[in-house]
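# Examination of the molecular architecture
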Amino acid sequence: MTESSLAPSRWSHTAPAEPGVATVLRRRLHHWTLELGVSSDLVDDIVLGVYEALANVVEHAYHSVPEPGTMTITAAYEHRTLTVTISDTGTWRPPTPTTNRSHGLQLAAAVADDLLVDHRPGFGTVVTAVWTDPITTDHSKPATRSS
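In this report, we go over the structure that sits alongside the text. No experiment lies behind these values; they were computed from the predicted model shown.

### Here's the deal with the overall build of the chain
Helix and strand content of the chain: three helices and five strands. Here the chain, with 147 residues, has 39% of them falling under the buried criterion. Restricting to contacts in the chain with at least 6 residues of sequence separation, those with at least 24 account for 67%. Summed over all atoms, the accessible surface of the chain reaches about 8,200 Å², with 55% contributed by carbon and sulfur.

Here it is as structure tokens:
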């Protein structure tokens, strides 16, 4: 983070795993990363990847419970690395082949420098997305890439 940046180097929020909440969190992440000094093009990629991970929680994590569970997003900029984690305490539901969906984490992986999905049976899932040197490096790349 630069000396002139007004954004804190870390923020975290826990909220219900509902579609409208994911949209609010996406907006907050957008604002925070711009305050850090990340270019608007890269901010769009970061927000897209994180939103897809949040949507994944809403869609898959709490399919077997009547009330929505929670999701936590934590973003940190330390040592020239932006790390965003999205976690839940739900039960992983793999994508079904008949829905022709479930490309969200593939898209998140395409826009992040690194993406780790940690399914913790009985404890939920943690998705960690990393962007290395997002403030000083030109991250121009095609919208999709092969994995």
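Now that the structure is up, let's keep going.
### Re unusual backbone geometry
Generally, phi is negative for residues other than glycine and the peptide bonds are trans, each holding for most cases. Here His79, not a glycine, exhibits a phi torsion of approximately 50°, which is positive. Along the chain, His79 turns up in the loop between strand 2 (70-78) and strand 3 (81-88). Classification of His79 as exposed rests on a relative accessible area of 77%. Look at Arg80: it is not a glycine, yet its phi comes out positive at around 60°. Here Arg80 is to be found in the loop between strand 2 and strand 3.

### Considerations on the packing of helix 2 (residues 40-61) against helix 3 (residues 104-111)
Orientation of helix 2 relative to helix 3, taken along the N-to-C sense of each, is 155°, at an axis distance of 8 Å. Here helix 2 lies roughly antiparallel to helix 3, going by the angle between them. Between helix 2 and helix 3 lies a crossing whose hand is left-handed. Here Asp45, Leu48, Gly49, Glu52, Ala53 and Asn56 of helix 2 lie close against helix 3, whose contacting residues are Gly104, Leu105, Leu107, Ala108 and Val111. Of the residues that constitute the contact of helix 2 with helix 3, the class distribution is six nonpolar, three polar and two charged.

### Describing the packing of aromatic side chains
Following the criterion strictly, the structure yields one aromatic pair and no others. A centroid spacing of 6.2 Å and a plane angle of 75° characterise the contact between Trp11 and Trp32, whose relative ring orientation is edge-to-face. Remark: Trp32 occurs in helix 1 (residues 19-36) and Trp11 occurs in strand 1 (residues 10-16); sequence separation between them is 21 residues. Using a relative accessible area of 4% as the deciding quantity, one classes Trp32 as buried. Over the face of the ring belonging to Tyr51 we find Arg26, whose NZ or CZ atom lies 4.6 Å from the ring centre.

### Observations concerning helix 3
Restricting attention to buried positions, one finds in helix 3 the residues Gly104, Leu105, Ala108, Ala110 and Val111. Elements in contact with the buried residues of helix 3: helix 2, strand 4 (114-120) and strand 5 (124-132).

### Details of the sheet that holds strand 4
Adjacent strands of a sheet pair through backbone hydrogen bonds, lying either parallel or antiparallel. Taken in spatial order, the five strands make up an open sheet running 1-2-3-5-4, and their pairing is antiparallel. Looking at the sheet topology across the chains shown, the edges are occupied by strand 1 and strand 4. Looking at each pair of strands side by side, their axes are set apart by 10° on average, direction ignored. Sheet topology places strand 3 next to strand 5; eight bridges connect them, and they run antiparallel. Across the sheet, Asp88 pairs through a bridge with Thr125, a residue of strand 5.

### As for the nonpolar core
Counting 33 residues, the largest nonpolar core has Val50 and Trp131 as the members making the most contacts within it. If you tally residues by element for this core, the top one is helix 2, at nine residues. When residues no more than four places from it in sequence are discounted, the contact partners of Val50 are Leu29, Ile73, Val84, Ile86 and Trp131.

What counts and what doesn't
Positions within a chain are numbered from 1, following the residues in the order the chain's sequence is written. With pLDDT at 70 or above as the cut-off, local features in this predicted model cover only qualifying residues; side-chain atom pairs require 80 or more to be listed or tallied, and sums for whole chains, interfaces and linings still use all residues. Hydrogens are left out, water is left out, and the side-chain values use all remaining heavy atoms of the structure. Secondary structure counts use DSSP, requiring at least four H or I residues in a row for a helix and at least two E residues in a row for a strand, with both numbered from the N terminus. Exposed residues in this analysis have more than 50% of their type's maximum accessible area, buried residues have under 20%, and partly exposed residues fall in between, with area computed by a 1.4 Å probe over protein chains only. By definition, residues are in contact when any of their heavy atoms lie within 4.5 Å. Surface accessibility follows the Shrake-Rupley procedure with a 1.4 Å probe radius. Residue values consider only the protein chains on display as shielding. Think of each axis as a best-fit line through the C-alpha atoms, taken over the contacting stretch in the case of a helix, with angles from 0 to 180 degrees between the N-to-C directions. When an angle is under 35 degrees it counts as roughly parallel; over 145 it counts as roughly antiparallel; between 65 and 115 it counts as roughly perpendicular; any other value is oblique. Crossing handedness is defined as follows: a turn of the near helix away from the far one that is anticlockwise and smaller than a right angle gives a left-handed crossing, while the clockwise case is right-handed. The classification used treats Ala, Val, Leu, Ile, Met, Phe, Trp, Tyr, Cys and Pro as nonpolar, Asp, Glu, Lys and Arg as charged, and all other residues, Gly among them, as polar. Only centres within 6.5 Å qualify two rings of Phe, Tyr or Trp (six-membered ring in Trp) as a pair; their planes then separate them into stacked at under 30 degrees, edge-to-face at over 60, and tilted for everything else. Throughout this description, the term charge over a ring refers to an Arg CZ or Lys NZ atom that lies within 6 Å of the ring centre and within 35 degrees of the ring normal. DSSP bridges decide pairing: two strands pair if at least two such bridges lie between them. In these notes, a set of buried Ala, Val, Leu, Ile, Met, Phe, Trp, Tyr and Cys residues joined through side-chain atoms within 4.5 Å is what counts as a nonpolar core.

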